[in-house]
Amino acid sequence: MAVQELQDDTFAQLAKNEEKIIVKFHANWCGSCKLFAPKFKRLSEDEQYSGIHFVKINAEENPQARQWAKVDNLPFFATVKNTSIQNALSTNKEDKVVEFLNELKK
């Protein structure tokens, strides 16, 4: 599944309709965010995560989503299950994101 870029309003709607979501919060100036982008895209295309919706949100342009997830640093990842945050962490480590995805799959 492709990574979908969302804004505050479209994310709120998606969160109501999708059971499992992983969100990557980023900013245009964030070098680590840019470096992680191809990894996030590759994970989104991995068959084992086909039931998970992959989303990216610009944290500077979407304050409601940023505040809801309590983003404190970038890149920031949050997994959402049934409209509730399951895990959230600022990291640039792929293994930590994979751990979040494997928990979300359950």
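Right above here is the structure, for reference.
This one's a predicted model, so the numbers in the text were calculated from it and none came from an experiment.

Draft legend 1. Expanded view of the pattern of salt bridges. Counted under the stated rule, the structure contains four salt bridges. In this structure, arginine 42 and glutamate 94 form a salt bridge, with 2.7 Å as the shortest nitrogen-oxygen distance. Of this pair, arginine 42 sits in helix H2 (residues 31–44) while glutamate 94 sits in helix H4 (residues 94–105), and the two are 52 residues apart along the sequence. With its nearest N and O atoms 3.0 Å apart, the salt bridge here joins glutamate 99 to lysine 96. You can see glutamate 99 and its partner lysine 96 sitting in helix H4, three residues apart, about one turn around the helix.

Draft legend 2. Representation of the packing of H2 against H4. Following both chains from N to C, one finds H2 and H4 inclined at 30 degrees, their axes separated by 11 Å at the closest point. Here H2 lies roughly parallel to H4, going by the angle between them. Relative to H4, the crossing made by H2 is right-handed. From H2, Phe36, Lys39, Arg42 and Leu43 reach across to H4, where they touch Glu94, Val97, Val98 and Leu101. When the residues that make up the contact of H2 with H4 are grouped by side-chain class, the tally is five nonpolar, no polar and three charged.

Here is what the cut-offs are and how they apply
- Residues numbered from 1 in each chain as written.
- Predicted model: local features only at pLDDT ≥ 70, side-chain atom pairs only at ≥ 80, totals over all residues.
- Heavy atoms only, no water.
- Salt bridge = Lys/Arg side-chain N within 4 Å of Asp/Glu carboxyl O.
- Helix = DSSP H or I, 4+ residues; strand = E, 2+ residues; numbered from the N terminus.
- Axes fitted to C-alpha atoms, helices over the stretch in contact; angles between N-to-C directions.
- Parallel < 35°, antiparallel > 145°, perpendicular 65-115°, else oblique.
- Left-handed = near helix turned anticlockwise from the far one by under 90°.
- Contact = heavy atoms within 4.5 Å.
- Nonpolar A, V, L, I, M, F, W, Y, C, P; charged D, E, K, R; others polar.

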